[in-house]
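So you can see what is in the structure, the chains are spelled out below.
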Amino acid sequence: MNVIAGISRWAIPLLLLLIPVLAYLRKVPVYESFVAGAEDGFKTGVKILPFLIGMLVSIRVFVDSGALVIVSRWLQPLFMSLGLDPNFADIIPLAIMRPLSGSGALGVATQLINQHGPDSFIGRLASTLQGSTDTTFFVLTVYFGSVGIKKYRYALKLGLLADVIGLIASVWIVHKTFY
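Procedures and definitions
- Residues numbered from 1 in each chain as written.
- Predicted model: local features only at pLDDT ≥ 70, side-chain atom pairs only at ≥ 80, totals over all residues.
- Heavy atoms only, no water.
- Salt bridge = Lys/Arg side-chain N within 4 Å of Asp/Glu carboxyl O.
- Helix = DSSP H or I, 4+ residues; strand = E, 2+ residues; numbered from the N terminus.
- Buried < 20%, exposed > 50% of the residue type's maximum accessible area, 1.4 Å probe, protein only.
- Phe/Tyr/Trp six-rings, centres within 6.5 Å; stacked < 30°, edge-to-face > 60°.
- Lys NZ or Arg CZ within 6 Å of the ring centre and 35° of its normal.
- Patch = residues over 30% accessible without salt bridge, like charges linked within 9 Å, V, L, I, M, F, W, Y side chains within 5 Å.
- Areas by Shrake-Rupley, 256 points an atom, 1.4 Å probe, with all protein chains shown as cover.
- Lys, Arg positive; Asp, Glu negative; His and termini not counted.
- Contact = heavy atoms within 4.5 Å.

Participant: Before we go on, may I ask you to explain the pattern of salt bridges in this structure?
Facilitator: Opposite charge on two side chains allows them to pair when their charged atoms are near. Taken as a whole and judged by the stated rule, the model has 3 salt bridges. Across the pair Arg 60 and Asp 64 runs a salt bridge, and its minimum N-O distance is 3.0 Å. Taken together, the residues Arg 60 and Asp 64, both in helix H2 (residues 30-64) and 4 residues apart, mark about one turn of the helix. As a salt-bridge pair, Asp 119 and Arg 124 come within 3.7 Å of each other at their nearest N and O atoms. Here Asp 119 falls in the exposed class, since its relative accessible area comes to 57%. Given a relative accessible area of 22%, Arg 124 falls into the partly exposed group.

Participant: I'm lost on the packing of aromatic side chains in this one. Help?
Facilitator: Where two aromatic rings form a pair, the distance of their centres and the angle of their planes describe that pair. Tallied over the full model, the rule gives 1 aromatic pair. Aromatic pair Phe 144 and Tyr 152: ring centres 5.9 Å apart, planes at 80 degrees, arrangement edge-to-face. Residue classification places Tyr 152 among the partly exposed residues on the basis of a relative accessible area of 33%. For the cation-ring pair, Arg 124 lies above Phe 178, with the distance from its terminal atom to the ring centre recorded as 4.0 Å.

Participant: Can you help me understand a nonpolar patch on the surface in this one?
Facilitator: Together, Trp 10, Leu 14, Leu 17, Leu 18, Val 21, Leu 22, Tyr 24 and Leu 25 make up a nonpolar patch on the protein surface, roughly 880 Å² of accessible area in all. Positionally, Leu 22 belongs in helix H1 (residues 2-25). Residue classification places Leu 22 among the partly exposed residues on the basis of a relative accessible area of 41%.

Participant: Hey, could you run me through the side chain of Arg 98 in this one?
Facilitator: With respect to the element layout, Arg 98 can be found in the loop between helix H4 (92-97) and helix H5 (102-116). Buried and unpaired, Arg 98 has Asp 134 as its nearest opposite-charge partner, separated by 4.8 Å. Not counting the four nearest positions on each side in its chain, Arg 98 is found in contact with Ala 105, Leu 129, Gln 130, Thr 133, Asp 134 and Thr 135.

Set out below in structure tokens:
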């Protein structure tokens, strides 16, 4: 174990030293390349900032208005009629938040795990759902916005479909694996 801990401790500092040294030996203008890359990164950041701000404000309005709780309550009878655990409705806010915001979803997942316990059905489902789905709207905003793609209708539909499939697969996997 000490060898692995030592490798882990020194991996990033060695890479930070090794890459510039190799670039210098290959006669790459290290500092100039770094500055050019930083400039491109800054331009990309400025380019996607309006998209990112719009998405974050929309999420905040959605959560603070109580719409997240309302949607969760509307879907609760559907899940009950399907014969799912009554506590299953607690996962709905996470399933809704996950495509919108990674940090928001992590907060909801943490709250669910603290409330139900990490080894409960909801705790395991929250953890599995976090790993089985993606932040679809964030990905569309950042990646598509950075390259100037404005027509992402099909990507949105497929991303949300993948999130629904991730939710269904998470429920199935947790149910089959642990219960």
